[in-house]
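Now for the letters of each chain:
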Amino acid sequence: MSPRLTTLPNGFRIVTEAMPGLQSASVGVWVTAGGRHERIEQNGIAHFLEHMAFKGTKKRSALQIAEAIEDVGGYINAYTSREMTAYYARVLSADVPLAIDVISDIVLNPVFDKKEIEVERHVILQEIGQALDTPDDVIFDWLQEAAYPDQAFGRTILGPAERVAAFSRTDLKQFVKEHYGPDQMILAAAGGVDHDAIVALATEAFGALKAVGSSLIQPAAFAGGERRETKDLEQVHFALAFEAPGYRHDDVYTSQVFSTALGGGMSSRLFQKIREERGLCYSIFAQSGAYEDTGIFTIYAGTSAEEIGELAGITIDELKRSADDMTEAEVARARAQMKAGMLMGLESPSSRAERLARLLSMWGRVPEVEEAVAKIDAVTTAGVRQHAAEMVAQSRAALALYGPVASAPDLGALRQRLAA
C-alpha cells in the first residue's frame, strides 16, 4: 500500500505505510537534529540528549520506560546521525498506542535528573573510549574530520571527551528548545498500522506544541586533508575519501552504483583484485553516502605495515582503471545488488519506517519504491565511467591512516599516482 501523510497545523508530520498481513509494527519519532546541527561548543550534545531520553520522564522512571515496552515483548532504541536523531520501537500492532505514548513521553518530557546525567556522562565517556579502541570505527571519524575540517559536518557525533565531561542540564534543555519543535519532527510508522488512529494519537501528544522554525545548518564544504595516527596495532587501517553527490544531485544513484561495482561485495573489483588475487587484506570495501548538501565516497581496507604501500597503490590503479573499462556486466550486477538490497530491506517494518522518515525529511514527500527502482535502472555504464573519471580528476581528497603507518604513502603520493 502507498504511504499516507498528514501534517498537523503546527508542522508536525505523520507518515505511515500499512503492510497487510503483518501483526507487528515499527513506530518512531525522527528529529532533524543531529551532529551537524550543533555549534562547536555543543559537539556531542545531540548524542548525549538521545541517551538521556531513556533516563526518566515526568511520569516514568528509566526502568519503567524499558519495562513498558518489554512487558509486551517489544523493543525500543534510539540513534544519532549527522542529520537526525531517532527514537523508535518495534511492537505488536495492538501495542502501537503504547509505543507512541512511551516515545512521545521520552521525547517531550525528559526530566534530566542531575544524578542520571552524571551516570550517563560516564557511560558516554566509556563509549568514546571504546570507539578509540576500535580502529575500524574511529578511522571513519578521523576521515570525516580530514574531509570536512573546522565545520560541524566534520565533527564526531560522540563529541570530544572534554566537551561531554562539561555538558550541563541547562545545555541539554537549550538544545531541546532550539531543535525539538514540532516542525522538526516526523512520526513514522509501518507494518500493521492504521493511519487515522495514529494521527489521532499523534495529535493528542504533539498537536499543542509551538513551532520553532527549521534548524539552520552550516553548509558542508569538502576540503580534504590527511590524518595519520601511529599506534602499535597488528594492521594499518586505511581510509580514502572523495566528495560525492548529495541526495538532491542528479548523479546520486550513479555514485552509489559505482561504489557498489568498485567495492560493494565479493564480486567487486577491489575485493577480487586486492583480497582474492593478491591476499593483501581481509576486509576492503567502497561506499557512497549522500547528505543534504554533499556526499562522501569512501574506500576502506586494513592490511599489514609491510603491504600498505602495495594495497594503496593497487587501490588507486583500480579507481583510475574503472573510468576507462568498467563493464556493462559489472554495472548490471551493481544495479541488481542495489535493487535487491533495497527491496529485501523493505520487507522489514523497521526499515520501511526508517525510509518513510528519511525520505520525507529529504524531499518533503515519500517517493514510491518504483521511482527509486527506475532511477537505479537508468544508471548507464557510460554514466558510471564518467562519474569515475570526474572523481579521479578531483583536486581534493581525504586520507586517514591508523596503526604502524611509517611506511604508508601520504596523500600527496596517492594524488600523484592518481594523476599519472
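Above: the structure in question.
Residues numbered from 1 in each chain as written. Predicted model: local features only at pLDDT ≥ 70, side-chain atom pairs only at ≥ 80, totals over all residues. Heavy atoms only, no water.

Student: Any chance you could explain the sheet that holds strand S3 (residues 24-31) here in plain terms?
Tutor: Within a sheet, adjacent strands bond to each other through the backbone by hydrogen bonds, running parallel or antiparallel. Sheet architecture is open: six strands sit in the order S1-S2-S6-S3-S5-S4, paired in mixed fashion. The open sheet has two edge strands, strand S1 (4-7) and strand S4 (75-80), and neither has a second partner. Averaged over all pairs of adjacent strands, the angle between strand axes in this sheet comes to 15 degrees, irrespective of strand direction. Bridge analysis of S4 against strand S5 (residues 85-92) gives six bridges, and the strand direction is antiparallel. (Pairing = 2+ DSSP bridges. Helix = DSSP H or I, 4+ residues; strand = E, 2+ residues; numbered from the N terminus. Axes fitted to C-alpha atoms, helices over the stretch in contact; angles between N-to-C directions.)

Student: Honestly, the sheet that holds strand S9 (residues 284-290) in this entry has me stumped. Any pointers?
Tutor: As summarised here, the arrangement of the five strands in space is S7-S11-S8-S10-S9, forming an open sheet in which the pairing is mixed. The open sheet has two edge strands with one neighbour each: strand S7 (225-230) and S9. Averaged over neighbouring strand pairs, the angle between their axes works out to 10 degrees when direction is ignored. Relative to strand S10 (residues 295-303), S9 runs antiparallel, the two sharing seven bridges. Paired with glycine 289 across the two strands is isoleucine 296, which belongs to S10. In the packing of helix H9 (residues 252-263) onto the sheet, contacts are made with strand S8 (236-244), S9 and S10, and the angle to S9 comes to roughly 170 degrees. (Contact = heavy atoms within 4.5 Å.)

Student: Teacher, can you tell me more about the pairing of S3 here?
Tutor: Look at any regular strand and the pattern is simple: side chains alternate between the two faces of the sheet. Among the eight residues in S3, eight count as buried, and that is most of the element. Burial along S3 is two-sided: the residues Ser24, Ser26, Gly28 and Trp30 and Ala25, Val27, Val29 and Val31 are all buried. Sheet topology places S3 next to S5; eight bridges connect them, and they run antiparallel. Bridging across to S5, valine 31 finds its partner in threonine 85. Both S3 and strand S6 (residues 185-191) contribute to a ladder of seven bridges, which runs antiparallel. Looking at the pairing, valine 29 lines up with leucine 187 of S6. (Buried < 20%, exposed > 50% of the residue type's maximum accessible area, 1.4 Å probe, protein only.)

Student: For this particular structure, what's the right way to read empty space enclosed by the protein?
Tutor: For the structure on display, the rule yields two cavities of 30 Å³ or more. By volume, the largest cavity amounts to about 40 Å³. As for the largest cavity, its lining consists of Thr260, Ala261, Ser267, Ser268, Glu330, Arg333, Ala334 and Gln337. Looking at the lining of the largest cavity, the elements with two or more residues in it are H9 and helix H12 (328-345). Per-element accounting of the lining of the largest cavity gives the leading share, four residues, to H12. Residues of the lining of the largest cavity, tallied by class, amount to two nonpolar, four polar and two charged. Empty space within the second largest cavity amounts to approximately 30 Å³. Lining the second largest cavity, in full, are Leu49, Ala53, Tyr87, Ile106, Val107, Pro110, Phe112, Val176 and Tyr180. For the lining of the second largest cavity, the residue count by class is nine nonpolar, no polar and no charged. (1 Å grid on protein atoms, 1.4 Å probe; cavity = no way out; pocket = protein on both sides within 12 Å on 5 of 7 lines; lining within 4 Å. Points joined across faces, edges and corners; volume = space filled by probe spheres on them. Nonpolar A, V, L, I, M, F, W, Y, C, P; charged D, E, K, R; others polar.)

Student: Got a minute to help me understand the nonpolar core in this structure?
Tutor: General note: in soluble globular proteins, nonpolar side chains tend to be found buried as a group. Ranked by size, the top nonpolar core spans 49 residues in total, and within it Tyr87, Tyr180 and Leu187 carry the most contacts. Looking at this core element by element, the count peaks at seven residues for helix H3 (residues 96-108). Leu240, Phe242, Val257 and Leu270 belong to the second largest nonpolar core, which has 45 residues in total. (Core = buried A, V, L, I, M, F, W, Y, C linked by side-chain atoms within 4.5 Å.)

Student: Can you help me understand the packing of aromatic side chains in this one?
Tutor: The description of an aromatic ring pair rests on the distance of the ring centres and on the angle between the ring planes. Counting across every chain of the model gives 12 aromatic pairs. Relative to tryptophan 363, the ring of tyrosine 247 lies with its centre 6.1 Å away and its plane at 65 degrees, an arrangement referred to as edge-to-face. With tyrosine 247 in the loop between S8 and H9 and tryptophan 363 in helix H13 (residues 349-363), this pair connects stretches of sequence that are 116 residues apart. In this structure tyrosine 247 comes out as buried when scored by relative accessible area, which is 8%. Taking relative accessible area as the criterion, tryptophan 363 reaches 36% and is therefore assigned partly exposed. (Phe/Tyr/Trp six-rings, centres within 6.5 Å; stacked < 30°, edge-to-face > 60°.)

Without other data, these values stay purely geometric and don't point to any function.
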